[in-house]
Amino acid sequence: MYYKYTGKNCGVINTSYKVSESDWSVDKCKEKFVGLSRGSHLRGYVYGNDGVTEIPHSIIILSTDLKGINYYQANVGGKCLVSTDYKTWDEFVDWFFKTTGAWVA
């Protein structure tokens with residue numbers, strides 16, 4: 001998806017979009033992610049169904065604003081599906097729990 005929006009392959013990840021688990025909050029997510037351009041690829045972690053297992057996950061940004069984030073994702077729940085979703089920042093913070101960086105479109 002990143003290539004579709006930018007015409008280039010992912011290079012070195014931009015770690016200025018990294019947010020540690022200890023810093024994870026609605027305010028920090030708004031500070032870091034509001035304004036990410038369409039097609040940006042955000043990498044992070046979600047918890048598995050057991051609520052303990054850390055699973056790497058990534059999303060492709062469609063849009064962000066002060067209320068929430070709209071994105072593409074794939075392979076949720078072990079299913080090879082591509083879907084779109086919207087989460088408020090409160091919902092996003094409950095779903096993701098840290099990020100490792102982003103490729104910015």
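As the structure is a prediction and not an experimental result, all values here were calculated from the model.

### Some details on the pattern of salt bridges
Piece 1. In this structure the tally under the stated criterion is three salt bridges.
Piece 2. The partner of Asp 85 in a salt bridge is Lys 87, with the nearest N and O atoms 3.4 Å apart.

### A closer look at the nonpolar core
Piece 1. Trp 24, Cys 29, Phe 33, Ile 59, Ile 69, Trp 89 and Phe 92 are the most contacted members of the largest nonpolar core, which totals 18 residues.
Piece 2. At the level of secondary structure, the elements contributing two or more residues to this core comprise helix H2 (26–33), strand E1 (41–47), strand E2 (54–64), strand E3 (68–74), helix H3 (89–95) and strand E5 (96–103).
Piece 3. Contact partners of Ile 59, with chain neighbours within four places excluded, come to Ser 40, His 41, Leu 42, Ile 69, Tyr 71, Tyr 72, Gln 73, Phe 92, Trp 95 and Phe 96.

### What about the sheet that holds strand E4 (residues 82–88)?
Piece 1. Pairing is antiparallel across the open sheet formed by five strands, whose spatial order is E4-E3-E2-E1-E5. Each edge of the open sheet is held by one strand with a lone partner, namely E4 and E5. Ignoring strand direction, the axes of neighbouring strands in this sheet form an average angle of 35°.
Piece 2. Relative to E3, E2 runs antiparallel, the two being bridged by four bridges. Note that in E3 the partner of Thr 64 across the bridge is Ile 69.

### Regarding the environment of Glu 21
Piece 1. You can see Glu 21 is positioned in the loop between helix H1 (2–6) and H2.
Piece 2. Considering only alpha carbons, one finds Glu 21 and Lys 98, 77 residues apart in sequence, at a separation of 4.9 Å.
Piece 3. Excluding anything up to four places from it in sequence, Glu 21 contacts Tyr 47, Glu 54, Phe 97 and Lys 98.

### A look at the packing of aromatic side chains
Pairs of aromatic rings are described using the distance from one ring centre to the other and the angle between the two planes.
Piece 1. Per the stated rule, a full pass over the model turns up eleven aromatic pairs.
Piece 2. On the basis of an interplanar angle of 70° and a centroid distance of 6.2 Å, the ring pair of Phe 92 and Trp 95 is categorised as edge-to-face. Note that Phe 92 and Trp 95 are positioned in helix H3 at a spacing of three residues, about one turn of the helix.
Piece 3. Taking NZ or CZ as reference, Lys 87 lies 5.0 Å from the ring centre of Trp 95, over its face.
Piece 4. Positioned above the aromatic ring of Tyr 45 is the side chain of Lys 98, whose terminal nitrogen or guanidinium carbon lies 4.9 Å from the ring centre.

How each quantity is defined
Residues numbered from 1 in each chain as written. Predicted model: local features only at pLDDT ≥ 70, side-chain atom pairs only at ≥ 80, totals over all residues. Heavy atoms only, no water. Salt bridge = Lys/Arg side-chain N within 4 Å of Asp/Glu carboxyl O. Core = buried A, V, L, I, M, F, W, Y, C linked by side-chain atoms within 4.5 Å. Buried < 20%, exposed > 50% of the residue type's maximum accessible area, 1.4 Å probe, protein only. Helix = DSSP H or I, 4+ residues; strand = E, 2+ residues; numbered from the N terminus. Contact = heavy atoms within 4.5 Å. Pairing = 2+ DSSP bridges. Axes fitted to C-alpha atoms, helices over the stretch in contact; angles between N-to-C directions. Phe/Tyr/Trp six-rings, centres within 6.5 Å; stacked < 30°, edge-to-face > 60°. Lys NZ or Arg CZ within 6 Å of the ring centre and 35° of its normal.

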